[in-house]
Amino acid sequence: MSNILAIIGKSNVGKSTLFNRLINNNNKAIVNNKKGTTRDRKYGYSEWMGKKFIIIDTGGYIYNAKNILEEKINIQTEMAIKECKIILFLLDCQKELMPTDINLKNKLIKYNKPILLVVNKIDNYQIKIQHNDFYAIGIKNIYYISAINGYGTGGLLNKITTYFKDDKEEDINIPKIAILGKPNVGKSSFLNVITKKKRSIISKYEGTTRDSIDTYYNLYNKKFILIDTAGIRKKTKIKKNIEYYSIVKSIRTLEYSDICIVMIDSKNKIKSQDINIIKLAIKYKKGIIIVINKFDLIKKNNIKLYKKEISIQIKKFNYIPVLYTSVIKKQGIYQVIEKALEIYNNKNQKISTNKINNILLKSINKQPPSAINGKNIKIKYATQLSISSPTFILFCNFPEYIQNSYKNYIKNQLRKNFTLIGVPISLIFRKKKC
């Protein structure tokens, strides 16, 4: 898709609020009155008057950057400008026009791209009249809006779409792959290596990534979306409000995704918090891969024992594949994506009712469920429901007497005979006279 719009401006002028407004999702970007809340550039889809386009939210451009992190925020903003077709230059009507605003405008002009000057936080027409001094910035196309309540955004969108061409219908079923894990396990580094760009800001400090960051990508002619997330910590370690919202967004990203890559630092092995993330992914019926990153730090003579310990730790989740990577050495990372796409196909496959019954009923007849209270349980037939995760409905005479151990037996037989690696299976038993 070539229709790309970037929202550019200094900190706290309302870029993320406008981003959320334009993509019609008030919970997409973190919105906070603290300077520098958005660090990476974020992507979202929008559609107006039949035209589809991508919007990029950026961190506030920082003059005289005082540290490496601020410099990286500026780099992310500049990368967004290079990617986009049209620039929304956002200013705050409640603040006077400053020399730094003129300097930023001059910087934007050098890219030779259409620029719309958007003056935000307009509450009424009188305020609009009082702020005609924004014409002094030297941009003719000025739009007065209130991102928080939507005033003026319709007219702005009408203008934006005049710069875009009609795109062919996009495939809405693009796999969404979320990279989850505790802070500082290498999630952003993994994303950057895969996309071959400095897509996420990386630093030695935990919690650098605050938002969930979508990257649209094409590998081996297969389209998918990679989502980097803020690290998920234990609740007892969440101290600041902004970090709390980042954790909430990571969980929402998990709900939004199709496949979850649960990344773990090899030095720490699998901890209780990692297990909690896996259980959360299972709860929401997501495809799952466990990735042990920084595996280059494990000594060669310890590898066999190390892998055995990992297999013991996840014995309960033995259908989840475990891959070992070293992002810093670019080892095993592309296999992770290949496996994720394989699991996506597993998750969305539809197995014919005839095929299910031909195989599953043989296993059931070979090992039928135990009689309970003198009741002989007979399973008549099974079929798959047409939903986005493997869910099978089995009809029997006494569904209430099916034990968990037998449910596990059924699941194991399904995994044994069908390609369901990395995918949680749901079973539903319904009453039918046999």
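Note that the coordinates shown come from a computational prediction; the quantities given were computed from them, not determined experimentally.

### Some thoughts on the pairing of strand 10 (residues 259-265)
Turning to step 1, where the next piece is worked out: Most of strand 10 is tucked away: seven of the seven residues are buried.
Turning to step 2, where the next piece is worked out: The two faces of strand 10 match: I259, I261, M263 and D265 on one face and C260, V262 and I264 on the other face are all buried.
Turning to step 3, where the next piece is worked out: Note that strand 7 (residues 176-181) and strand 10 share five bridges and pair parallel. By the bridge assignment for strand 10, I177 is matched with I259.

### Observations regarding the packing of aromatic side chains
Turning to step 1, where the next piece is worked out: In this structure the tally under the stated criterion is six aromatic pairs.
Turning to step 2, where the next piece is worked out: Ring centres 5.8 Å apart and planes at 35° place the aromatic pair F398 and Y401 in the tilted group.
Turning to step 3, where the next piece is worked out: For Y401, a relative accessible area of 22% translates into the label partly exposed.
Turning to step 4, where the next piece is worked out: An aromatic cluster is defined as three or more aromatic residues linked by ring pairs; in this entry it consists of F295, Y306 and Y324.
Turning to step 5, where the next piece is worked out: Positioned over the ring face of Y319 is R415, at 3.8 Å from the centre of the ring.

### Comments concerning the pattern of salt bridges
Turning to step 1, where the next piece is worked out: All chains considered together, the criterion is met by eight salt bridges.
Turning to step 2, where the next piece is worked out: Here K294 and D265 are joined by a salt bridge, their closest N and O atoms 3.1 Å apart. Highlighted residues: K294 in the loop between strand 11 (287-293) and helix 9 (303-313) and D265 in strand 10, separated in sequence by 29 residues.
Turning to step 3, where the next piece is worked out: Accessibility expressed as a relative area gives 21% for K294, which makes it partly exposed.
Turning to step 4, where the next piece is worked out: With a relative accessible area of 6%, D265 lands in the buried category.

### Regarding the pairing of strand 4 (residues 86-92)
Turning to step 1, where the next piece is worked out: Judged by how many residues are buried, strand 4 sits mostly within the fold: seven of seven residues are covered.
Turning to step 2, where the next piece is worked out: The side-chain alternation of strand 4 yields two buried faces, one formed by I86, L88, L90 and D92 and the other by I87, F89 and L91.
Turning to step 3, where the next piece is worked out: Bridge count between strand 4 and strand 5 (residues 115-120): six bridges; the pairing is parallel. Paired with F89 across the bridge in strand 5 is L117.
Turning to step 4, where the next piece is worked out: One crossover worth recording links strand 4 to the parallel strand 5 by way of helix 3 (residues 99-109), and it is right-handed.

### As for the side chain of T161
Turning to step 1, where the next piece is worked out: For T161, the position within the fold is in helix 5 (residues 153-161).
Turning to step 2, where the next piece is worked out: Note on T161: relative accessible area 6%, which makes it buried.
Turning to step 3, where the next piece is worked out: Among residues more than four places away in sequence, those in contact with T161 are W48, K51 and F53.

### Some remarks on helix 10 (residues 333-348)
Turning to step 1, where the next piece is worked out: Helix length check: helix 10 (16 residues) gives 23 Å between terminal C-alpha atoms against 22 Å at 1.5 Å per residue, within 8%.
Turning to step 2, where the next piece is worked out: Taken together, the buried positions of helix 10 are occupied by I333, V336, I337, K339, A340, L341, I343, Y344, N346 and K347.

### Re the packing of helix 11 (residues 353-366) against helix 12 (residues 404-417)
In a pair of packed helices, the angle between the axes and the distance between the axes together describe the arrangement.
Turning to step 1, where the next piece is worked out: Put simply, helix 11 and helix 12 touch, their axes get as near as 10 Å, and they point 140° apart. The angle between helix 11 and helix 12 places the two elements in the oblique class. Crossing geometry of helix 11 relative to helix 12 is assigned as right-handed. Where helix 11 approaches helix 12, its residues I359, L360, S363 and I364 are matched on the opposing element by Y406, Y409, I410, Q413, L414 and N417.
Turning to step 2, where the next piece is worked out: Looking at the contact of helix 11 with helix 12, its residues break down into seven nonpolar, three polar and no charged.

### Section: the nonpolar core
Turning to step 1, where the next piece is worked out: Counting residues in each nonpolar core, the largest one holds 26 residues, and the members touching the most others are I278, I290, I292, F317 and I320.
Turning to step 2, where the next piece is worked out: Listing elements by their share of this core, those giving two or more residues are strand 7, strand 9 (222-228), strand 10, helix 8 (272-283), strand 11 and helix 9.
Turning to step 3, where the next piece is worked out: Leaving out residues up to four positions away in the same chain, I290 has contacts with V262, I264, I278, I314, I320, P321, V322 and L323.
Turning to step 4, where the next piece is worked out: Counting residues in hydrophobic clusters, the runner-up holds 25 residues, among them C84, I87, V119 and I137.

### A short note on the confidence of the model for the chain
Turning to step 1, where the next piece is worked out: The predicted model of the chain averages 79 in pLDDT, with 77% of residues at 70 or higher.
Turning to step 2, where the next piece is worked out: Between residues 26-39, whose pLDDT stays under 50, and residues either more than four places distant or in other chains, the model counts 52 contacts.
Turning to step 3, where the next piece is worked out: Below pLDDT 50 for its whole length, residues 235-248 participates in 16 contacts with residues either more than four positions away or in separate chains.

### Describing helix 12
Turning to step 1, where the next piece is worked out: Over its 14 residues, helix 12 extends 20 Å from the first C-alpha to the last, a length consistent with the 20 Å expected when each residue adds 1.5 Å.
Turning to step 2, where the next piece is worked out: Within the span of helix 12, buried status applies to Y406, Y409, I410, Q413, L414 and R415.

### Quick word on the side chain of R415
Turning to step 1, where the next piece is worked out: Mapped onto the fold, R415 is located in helix 12.
Turning to step 2, where the next piece is worked out: Among buried Asp, Glu, Lys and Arg side chains, R415 stands out as unpaired, with E342 the closest opposite charge at 11 Å.
Turning to step 3, where the next piece is worked out: Side-chain polar atoms of R415 contact the backbone oxygen of L420, separated by 2.8 Å.

How each quantity is defined
- Residues numbered from 1 in each chain as written.
- Predicted model: local features only at pLDDT ≥ 70, side-chain atom pairs only at ≥ 80, totals over all residues.
- Heavy atoms only, no water.
- Buried < 20%, exposed > 50% of the residue type's maximum accessible area, 1.4 Å probe, protein only.
- Helix = DSSP H or I, 4+ residues; strand = E, 2+ residues; numbered from the N terminus.
- Pairing = 2+ DSSP bridges.
- Phe/Tyr/Trp six-rings, centres within 6.5 Å; stacked < 30°, edge-to-face > 60°.
- Lys NZ or Arg CZ within 6 Å of the ring centre and 35° of its normal.
- Salt bridge = Lys/Arg side-chain N within 4 Å of Asp/Glu carboxyl O.
- Right-handed = clockwise from strand over helix to strand, strands pointing away.
- Contact = heavy atoms within 4.5 Å.
- Expected span 1.5 Å × (residues − 1).
- Axes fitted to C-alpha atoms, helices over the stretch in contact; angles between N-to-C directions.
- Parallel < 35°, antiparallel > 145°, perpendicular 65-115°, else oblique.
- Left-handed = near helix turned anticlockwise from the far one by under 90°.
- Nonpolar A, V, L, I, M, F, W, Y, C, P; charged D, E, K, R; others polar.
- Core = buried A, V, L, I, M, F, W, Y, C linked by side-chain atoms within 4.5 Å.
- pLDDT = per-residue confidence, 0-100.
- Lys, Arg positive; Asp, Glu negative; His and termini not counted.
- Polar contact = N/O pair within 3.5 Å; in protein donor to acceptor, adjacent residues only side chain to side chain.

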